[in-house]
Amino acid sequence: MFIDQTILTVRSGDGGNGCRSFRREKFVPRGGPDGGDGGNGGDVIFVADAALNTLVDYRFHRHIRGEHGRPGTGKKCTGRRGTSTTIRVPPGTVVRDADTGETLADLTERGEPVVVVRGGRGGRGNARFATPTNRAPETAFPGESGQERRLELELKLIADVGLVGYPNAGKSTLLSRISAAHPKIADYPFTTLQPNLGIVSYNDFKSYVVADIPGLIEGAHMGRGLGHRFLRHIERTRILLFLVDATSTNPERDLEILRNELHHFSPMLLQKPSLTALTKIDTLSSDDQERKCRSEQYLCFSSVSGEGIPELVRRLGKLVDRNRPGESHR
């Protein structure tokens, strides 16, 4: 099951109490103070794990906490620190404070830990308060309480290429043709209700990741057709591939609507490198193919017949290579 948004309540561990203790020694008032400090409470830590691609683990497990620190003991022994709790999430997860909306972490780097709530400090034992004038202090402090926060987790998939198009434009069919992914395919709109990822191989063992985003409709930026849930997954992609159904009576208008939806959701999206392709050209007559594919504005392909697929994969690969961090722009 693909879950890309959830709410968690996290609480770090309380610090252990400081100890009030006196050692037993002859001629020493009350034996002298030897109470140790309490241990710090455990933190709650988030870390991106490349083996995960959904937040389903936290759909029902919504209360997570760190371990409490142990109290100090005699002989100036400090209590054990509480064990921190690590929450593993997919790369691309954004962690926000659910009450204030503040972004606490944007976990794009795999394996990098981020502490979201810190454990309470352990209390000080009475051995800390001995002075020349107060050799037998009674004072010992309790540990600090841990922090508690309601967190909103939002997953934005990380991919090289994002497929953008109307429902039933052929995005899932294309993904199944160029990768080993097996998204649901049917001849009705909104067949795809969750993003799908596929790895495309090209050019001597190179590869790139393609994200099949559920179809967009006019008004998606306002939430129509679950537009907000779908559009956020495009934000992480490096390249956009606009897919327009070749059987449309006005492909230019369809492309304009798609670009307009992206602009209203986030103007930065249209600054990404992109390609535009006409799908389902196998359904066109020879004359219509010649007329619609004449323009260099579009790539043309058919996922059924395979026509134009090798050129599309090659062009996307070159564009991905030019826009990957650290790649030479040749």
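Before reading on, note that the structure itself is shown above.
Let me sum up the structure you'll find in this document. Since the structure is predicted, the reported quantities are computational estimates derived from the model, not experimental observations.

## A short note on the overall build of the chain
So, point 1. Across its full length, the chain holds 5 helices and 14 strands.
So, point 2. By the burial criterion, 48% of the 330 residues in the chain qualify as buried.
So, point 3. In the chain, once contacts between residues fewer than 6 apart in sequence are set aside, the share between residues at least 24 apart is 70%.
So, point 4. When the accessible area of the chain is evaluated, it comes to approximately 17200 Å², of which 47% is carbon and sulfur surface.

## Overview of the pattern of salt bridges
So, point 1. Counted under the stated rule, the structure contains 17 salt bridges.
So, point 2. The shortest N-O distance in the salt bridge between Glu-154 and Arg-96 comes to 3.2 Å. Of the two residues, Glu-154 is situated in strand β8 (residues 148-155) and Arg-96 in strand β5 (residues 93-97); the sequence distance between them amounts to 58 residues.
So, point 3. Look at Glu-154 and you get buried, because its relative accessible area is 10%.
So, point 4. Taking the relative accessible area as the measure of exposure, Arg-96 reaches 18% and is therefore buried.
So, point 5. Two residues, Asp-99 and Arg-150, come together in a salt bridge whose shortest N-O distance is 2.8 Å. With Asp-99 in the loop between β5 and β6 (103-107) and Arg-150 in strand β8, the pair connects residues that are 51 residues apart, well separated along the chain.
So, point 6. Bridged by salt links that share partners, the residues Arg-11, Asp-14 and Glu-148 form one connected network.

## Here's the deal with the packing of aromatic side chains
So, point 1. Taken as a whole and assessed by the stated rule, the structure comprises 2 aromatic pairs.
So, point 2. For the pair Phe-129 and Phe-141, a centre-to-centre distance of 5.4 Å together with 55 degrees between the ring planes defines the contact as tilted. Linking Phe-129 in the loop between β7 (114-117) and β8 with Phe-141 in the loop between β7 and β8, this pair joins segments that are 12 residues apart in sequence.

## Some words on the side chain of Ser-12
So, point 1. Along the chain, the position of Ser-12 falls in the loop between β1 (5-11) and β2 (44-48).
So, point 2. At 2.7 Å, the side chain of Ser-12 forms a polar contact with the backbone oxygen of Arg-118.
So, point 3. Here Gln-147 takes part through its backbone nitrogen, which lies 2.7 Å from a polar atom of the side chain of Ser-12.
So, point 4. Sequence-distant contacts of Ser-12, defined by excluding residues within four places in its chain, comprise Gly-42, Asp-43, Val-44, Gly-66, Val-117, Arg-118, Gly-119, Gly-120, Gly-146 and Gln-147.

## Quick look at the sheet that holds strand β4 (residues 85-89)
So, point 1. On the basis of which strands lie adjacent, the open sheet formed by 3 strands has the order β4-β2-β7 and mixed pairing. Taken across any chain shown, the strands that pair with only one partner, and hence form the sheet edges, are β4 and β7. The mean inter-strand angle of the sheet, taken between neighbouring strand axes irrespective of direction, is 30 degrees.
So, point 2. Of the strand pairs in this sheet, β2 and β7 are connected by 3 bridges, and their pairing is antiparallel. What sits directly across from Val-44, in β7, is Val-117.

## A word on the environment of Gly-123
So, point 1. Here Gly-123 lies in the loop between β7 and β8.
So, point 2. Distance from Gly-123 to Asp-37, taken between C-alpha atoms, is 5.7 Å for residues 86 residues apart in sequence.

## Things to note about the pairing of strand β12 (residues 239-245)
So, point 1. Of all the 7 residues making up β12, 7 are buried; the element is thus mostly covered by neighbouring parts of the structure.
So, point 2. Burial of β12 is two-sided: the residues Ile-239, Leu-241, Leu-243 and Asp-245 facing one way and the residues Leu-240, Phe-242 and Val-244 facing the other way are all buried.
So, point 3. Across 6 bridges, the pairing between β12 and strand β13 (residues 274-279) is parallel. Note that in β13 the partner of Leu-240 across the bridge is Ser-274.
So, point 4. Assessed by its sense of winding, the connection that carries the chain from β12 through helix α3 (residues 251-265) to β13 is right-handed.

## Points about the side chain of Asp-160
So, point 1. Examined against the element boundaries, Asp-160 turns out to sit in the loop between β8 and β9 (161-165).
So, point 2. Looking at Asp-160, the relative accessible area reads 6%, which means it is buried.
So, point 3. A distance of 2.6 Å separates polar atoms of two side chains, one belonging to Asp-160 and the other to Arg-238.
So, point 4. Setting aside chain neighbours within four positions, we find Asp-160 in contact with Tyr-208, Val-209, Thr-237, Arg-238, Ile-239, Val-320 and Arg-324.

## Examining unusual backbone geometry
The bulk of non-glycine residues show a negative phi, and the bulk of peptide bonds are trans.
So, point 1. You will see that Lys-75, though not glycine, has its phi angle at about 60 degrees, which is positive.
So, point 2. By secondary structure assignment, the location of Lys-75 is in the loop between β3 (63-65) and β4.
So, point 3. Unusually for a residue other than glycine, Lys-76 sits at a positive phi of about 60 degrees.
So, point 4. Turning to its location among the elements, Lys-76 is positioned in the loop between β3 and β4.
So, point 5. You can call Lys-76 exposed: its relative accessible area is 54%.

About the cut-offs
- Residues numbered from 1 in each chain as written.
- Predicted model: local features only at pLDDT ≥ 70, side-chain atom pairs only at ≥ 80, totals over all residues.
- Heavy atoms only, no water.
- Helix = DSSP H or I, 4+ residues; strand = E, 2+ residues; numbered from the N terminus.
- Buried < 20%, exposed > 50% of the residue type's maximum accessible area, 1.4 Å probe, protein only.
- Contact = heavy atoms within 4.5 Å.
- Areas by Shrake-Rupley, 256 points an atom, 1.4 Å probe, with all protein chains shown as cover.
- Salt bridge = Lys/Arg side-chain N within 4 Å of Asp/Glu carboxyl O.
- Phe/Tyr/Trp six-rings, centres within 6.5 Å; stacked < 30°, edge-to-face > 60°.
- Polar contact = N/O pair within 3.5 Å; in protein donor to acceptor, adjacent residues only side chain to side chain.
- Pairing = 2+ DSSP bridges.
- Axes fitted to C-alpha atoms, helices over the stretch in contact; angles between N-to-C directions.
- Right-handed = clockwise from strand over helix to strand, strands pointing away.

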